[in-house]
Amino acid sequence: MTSSIQEILNKYPNAGHDSLIPILQQVQEHMGYLSEESVVEVGKYLNMPTSKIFGVATFYNQFRFNAPGKFHVQVCRGTACHVLGSATVLNEIEKNLKIKAGQTTKDKMFSLEVVACIGACGLAPVISINGEFHAKVTSETIKTIFDSYRNREVVS
Amino acid sequence: MNLTIEVNNNKLSAQKGDTILDVLSRNGMGVPTLCHMKGLFPTGSCRMCVVEVEGRKNLVTACSEPVNDGMKIMTHSSRVIESRKTIVELLLSNHPDDCLYCERNGNCELQKLSEDLNIRERRISGQKNNYRLDVSSASIVRDPAKCILCGRCVRVCDEIEGVSAIEFVGRGSKTFIDTSFNHGLNLSSCVNCGQCIMVCPTGALKEKSHIAETKDNLSDPNKTVIIQYAPSISVTLAEEFGFKPGQNIIGIMNAALRRIGFDYVFDTSFSADLTIMEEASELVHRVKNGGKLPMVTSCCPGWVKFAEEFHQDMIDNLSTCKSPQQMMGAIIKSYFAQSEGIDPEKIYSVSVMPCTAKKFEQQREEMTQNGISDVDAVLTTRELARLIRLHGIDIHKLEPEIADSTLGTRSSAGKIFGASGGVMEAAVRTAHYLITGKEMVKFQVRGVRGLEGRKEAKVQIGELEVGVAVVSGLKNASMLMDEIRNGRDDIHFIEVMACPGGCINGGGQPIGADEEAIKARMTTLYDIDEKDAIKVSHKNPYIVELYDKFLGKPLGHKSHELLHTHYQKREVK
Ligand code: SF4
Ligand code: FES
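Analysis parameters
Numbers given to residues run from 1 along each chain, matching the order in which its sequence is written. Chains carry letters from A onward and ligands carry numbers from 1 onward, assigned in written order. Local features in a predicted model are, by the rule used here, given only for residues with pLDDT of at least 70; side-chain atom pairs are given and counted only at 80 or more, and totals for whole chains, interfaces and linings are based on all residues. Processing note: side-chain calculations cover all non-hydrogen atoms of the structure and skip hydrogens and water entirely. Helix numbering and strand numbering both begin at the N terminus, where a helix is a DSSP run of H or I of at least 4 residues and a strand a DSSP run of E of at least 2. For the radius of gyration, the atoms used are the C-alpha atoms, and the globule rule reads 2.2 Å times the number of residues raised to 0.38. When a residue's accessible area, from a 1.4 Å probe over protein chains only, is under 20% of the maximum for its type it is buried; when over 50% it is exposed; and in between it is partly exposed. In what follows, a contact means two residues having at least one pair of non-hydrogen atoms within 4.5 Å. Each accessible area is a Shrake-Rupley result for a 1.4 Å probe, and residues are judged covered by the shown protein chains and nothing else. Delimitation of the domains relies on an automatic or database domain assignment. Accessible area that two parts lose when put together, with a 1.4 Å probe and added across both, is what the buried area reports. Put simply, a salt bridge is a Lys or Arg side-chain nitrogen that is within 4 Å of an Asp or Glu carboxyl oxygen. In protein, a polar contact requires one atom able to donate a hydrogen and another able to accept it; more generally it is a pair of N or O atoms within 3.5 Å, and residues adjacent in sequence count only if both atoms are side-chain atoms. The arc under discussion is defined with respect to the helix axis, by the directions toward the C-beta atoms. Between any two strands, pairing holds if DSSP finds at least two bridges. Angular values range over 0 to 180 degrees, each being the angle between N-to-C directions of two axes fitted as lines to C-alpha atoms, with helices fitted over their stretch in contact. Orientation categories follow fixed angle ranges, with anything under 35 degrees roughly parallel, anything over 145 roughly antiparallel, 65 to 115 roughly perpendicular, and all other angles oblique. Put simply, Ala, Val, Leu, Ile, Met, Phe, Trp, Tyr, Cys and Pro go in the nonpolar bin, Asp, Glu, Lys and Arg in the charged bin, and everything else, Gly too, in the polar bin. We call a residue near a given molecule or strand whenever any one of its heavy atoms falls within 4 Å of it.

## With respect to the overall build of chain B
On a plain count of helices and strands, chain B comes out with 18 helices and 19 strands. Against the compact-globule benchmark of 25 Å for 573 residues, chain B has a radius of gyration of 25 Å, which places it among compact chains. Taken over the C-alpha atoms alone, chain B extends approximately 75 × 55 × 50 Å along its principal axes. Taken over 573 residues, chain B has a buried fraction of 59%. Partitioning the contacts of chain B with sequence separation of at least 6, the portion at a separation of at least 24 is 74%. By element, 50% of the accessible surface of chain B is carried by carbon and sulfur atoms, the whole surface being about 23,400 Å².

Shown next, in the form of structure tokens:
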């Protein structure tokens, strides 16, 4: 893992602080999240305290600090979804999975992310699990949806 | 270039490059500020300092706006006051409102702003956040719920200390201040200096209190409770009781400590003398035997942890001497306990320090003897004031007393430890004697005195020209260490203090002191030195006796066991 972060860093010789965001993006693309070790390493490379990097990274919604679960859940909080109750949907999902947005369940099965409009407003409120869209989600359907993924896990 | 500006219809002269705030402060015309920090670049983020400038549509921030010739400014128009008021009301809207229970009750900038702006009702109610207390650190407690995001702690930690343990995390209304990966201060790079507490306007940052355990032991009849106080305490404690800065109330403090019930009252300046005996000997030893140079002082626990984290290649440059607090602790539970026939396990050893990092130092595993810790509790100057009040003692009515002689008598070299440069000067005085066998003709080493962040001097000791450097504020320390790494070799001895100006401005001192106050504290220390008969540690008769009766000689076997230590490399996350 470390060496691959090194590979990313090698692409930025003499990098200054302005390279931070692109580096973090690449690290996340590569690992699926920003691990603590990777942040420490980027900090050493850019000569920047980890607290500063953490501060910058938490400013943007796109960065995650937990390894994604087997099923990565994205809840759309765009305008259309919001109007049709995505706040409640998010709430219910958080309750169902017993995690908050940005976290991963203990068994590493689900991770939860809030995203801005995913371009499926007609299906609002919509969530996407590993790229599969679930339309017009309600409190009632949430349990069924997530149980179906849990069962998939058992079968496979 | 001289400019003239008009403030509330008064003509004031100004210099090019001044900010509006500079001119106002020089003329005793206040506007409230929150994010502003003297000496640091203005961020203009809190907008408390807004004023009206003729010809400008929007209000401007006085702290960051440079003056122009002929500028017309209104600092207290209704529009300005309304807008300041709204800012404070918004800050209050999600504040916990538990002033009665708050450490900073009566000494809180938010309280003061709301009083000054005559805020009498809650117009805006916001959602309270539920951030958790961070009690992970041995020294500092953080309460993000009370934080108003002025950013001063973040800046001091970064720009003065070069530590950057804390940062703004998150965005918008969810922003708060935290360590990386929300780990808590304990696991962060925090060196416990407490400078963040000193700049915090509210109760969001405070020391971890040791008052309760001290009280418990004071009321335990089986415990001998001993107190020591650092050199600077006697010149800062007075401010907590309304005296003007720089008053030395050592005698009254001794009396107060006895009223509280401490069985013995000792002066850490005594063990500062002891530190000098060991440290000057170590310096001479290194110089004579080709040891690692420059030697760097180790009495500041903030600096020690900082070096363990960020200057690992220089760890061998650190003096192996424990700090005066720890030396005193070790001597109390060995020499003193033996000579008084007290079981060291029955001694509860408390120290009063200008410092929060001393709380961390006290619990370091290296600071023990046979499983007994050298020092058991550390109170800041502020906590001592609280303890005195808790006991209903009116210090204005006390007659001065002297400390207990054995470990309470000092030279003035031990006393000046409290100011940046003091350790250096004290060590030079004794090193001179050790090398040449003679005292210095003039004891003052003027070049290392003063509040500047970096001071250097050359001192002639016999044949030897010794280069010395003194830095305070850890960012300054890092810059000096870089110069050494890059090959500077004209410096033999370096003193580092984490807090700007040294312990007189430590993170445990009374809050709200300005530069004048700190100067006054320093002046008092050097006045004491001026007037004292014994100006060198090696002439302190009780130090001489301690070596005769117990320790043998500096750097001897006993000293190594009790007074010296080692350091550990620490991974920074
Ligand atoms: S105690 Fe010092 S090092 Fe720690 S967070 Fe506060 S300012 Fe930074
Ligand atoms: S003090 Fe001027 S904006 Fe904060």
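So, next bit.
## Points about the domain arrangement of chain A
What the domain assignment lists for chain A is domain 1 (3-59) and domain 2 (71-155). The C-alpha-based centres of domain 1 of chain A and domain 2 of chain A are spaced at 29 Å.

## What about the interface of chain A and chain B?
Taken residue by residue, the interface counts 16 residues in chain A and 17 residues in chain B. The contact between chain A and chain B buries some 1,300 Å² in all, and 58% of this surface belongs to carbon and sulfur atoms. Taken together, the links from chain A to chain B amount to 2 salt bridges. Residues Lys52 of chain A and Glu167 of chain B are paired through a salt bridge, measuring 2.6 Å at the closest nitrogen-oxygen approach. Between the two partners, chain A and chain B, sit 7 residue pairs in polar contact (both at pLDDT 80 or more). Of all the secondary-structure elements, those providing two or more residues to the side of chain A that touches chain B are helix 3 (36-46) and helix 4 (50-59) of chain A. It is helix 4 of chain A that provides the largest number of residues to the side of chain A that touches chain B, a total of 7 residues.

## Here we look at helix 4 of chain A
Counting buried positions along helix 4 of chain A yields 8 of 10 residues, so the element is predominantly enclosed. Every buried residue belonging to helix 4 of chain A is among Thr50, Ser51, Lys52, Ile53, Phe54, Gly55, Ala57 and Thr58 of chain A, and all of these are buried. Elements in contact with the buried residues of helix 4 of chain A: helix 2 (20-31) and helix 3 of chain A together with helix 4 (152-160) and strand 7 (167-169) of chain B.

## A few points about helix 17 (residues 541-551) of chain B
Residue and element names in this part refer to chain B. Here helix 17 has its buried residues at Ile543, Leu546, Tyr547, Phe550 and Leu551. The buried residues of helix 17 occupy an angular sector of 110° when the element is viewed end-on, so they sit on one face. Away from its buried face by more than 90 degrees, helix 17 exposes Asp548 and Lys549. With a side-chain oxygen positioned 3.0 Å from the backbone nitrogen of Tyr542, the residue opening helix 17 is Asn540. Following helix 17 by one or two positions, Gly552 has its phi on the positive side, about 85°.

## Digging into the sheet that holds strand 10 (residues 224-229) of chain B
Residues and elements named next belong to chain B. With parallel pairing, 4 strands are arranged side by side in an open sheet as 11-10-13-16. The open sheet has two free edges, formed respectively by strand 11 (264-267) and strand 16 (377-380), since each of these has just one partner strand. Adjacent strand axes in the sheet meet at a mean angle of 25°, parallel and antiparallel pairs treated alike. Alignment of strand 10 against strand 11, held across 4 bridges, turns out to be parallel.

## Digging into the packing of helix 10 (residues 324-340) of chain B against helix 17 of chain B
Residue and element names in this part refer to chain B. Where helix 10 meets helix 17, the closest approach of the two axes is 11 Å, and the angle between their N-to-C directions is 75°. As the angle between them shows, helix 10 and helix 17 are arranged roughly perpendicular. Only Glu545, Leu546, Lys549, Phe550 and Leu551 of helix 17 make contact with helix 10, whose side of the interface consists of Ile331, Ser334, Tyr335 and Gln338. Grouping the constituent residues of the contact of helix 10 with helix 17 by class yields 5 nonpolar, 2 polar and 2 charged.

## Points about the sheet that holds strand 3 (residues 50-53) of chain B
Backbone hydrogen bonds are what pair the strands of a sheet, in a parallel or an antiparallel way. All names here are of chain B. Here we have 5 strands laid out as an open sheet, ordered 2-1-5-3-4, and mixed in their pairing. In this open sheet, the two strands that pair with only one neighbour each are strand 2 (10-15) and strand 4 (60-61). Sheet topology places strand 1 (residues 2-7) next to strand 5 (residues 72-74); 2 bridges connect them, and they run parallel. Note on strand 5: the bridge partner recorded for Val7 is Ile73. Each of strand 3 and strand 5 touches helix 2 (residues 78-93); the most contacted strand, strand 3, lies at about 155° to it.

## Let's talk about the pattern of salt bridges
Residue and element names in this part refer to chain B. Following the criterion strictly, the structure yields 54 salt bridges over all chains and no others. Across the pair Glu65 and Arg56 runs a salt bridge, and its minimum N-O distance is 3.0 Å. The class of Glu65 is buried, set by a relative accessible area of 17%. A salt bridge links Glu401 to Arg258, with the nearest nitrogen and oxygen atoms 2.8 Å apart. Of this pair, Glu401 sits in the loop between helix 12 (381-390) and helix 13 (412-415) while Arg258 sits in helix 7 (residues 250-260), placing them 143 residues apart in sequence.

## Notes on the site of ligand 1
Around ligand 1 lies a shell formed by Ile140, Cys157, Val163, Ala165, Ile166, Leu185, Cys190, Val191, Asn192, Cys193, Gly194 and Cys196 of chain B. Residue composition of the shell around ligand 1, by class: 10 nonpolar, 2 polar and no charged.

## Focus: the domain arrangement of chain B
Residue and element names in this part refer to chain B. Domain annotation for chain B reports domain 1 (2-76), domain 2 (90-207) and domain 3 (212-563). Taking the mean C-alpha position of each, domain 2 and domain 3 sit 30 Å from one another. Overall, the association of domain 2 and domain 3 removes approximately 1,900 Å² of surface from exposure, summing both partners, and the carbon and sulfur fraction of that is 54%. Considering only the surface of domain 2 that becomes buried against domain 3, Val191, Met198 and Glu207 emerge as the three largest contributors, covering 30% of it. Along the contact surface separating domain 2 from domain 3 lie 2 salt bridges. Of the charged contacts, one joins Arg386 and Glu103 as a salt bridge, the two residues approaching to 3.0 Å between their closest N and O atoms.

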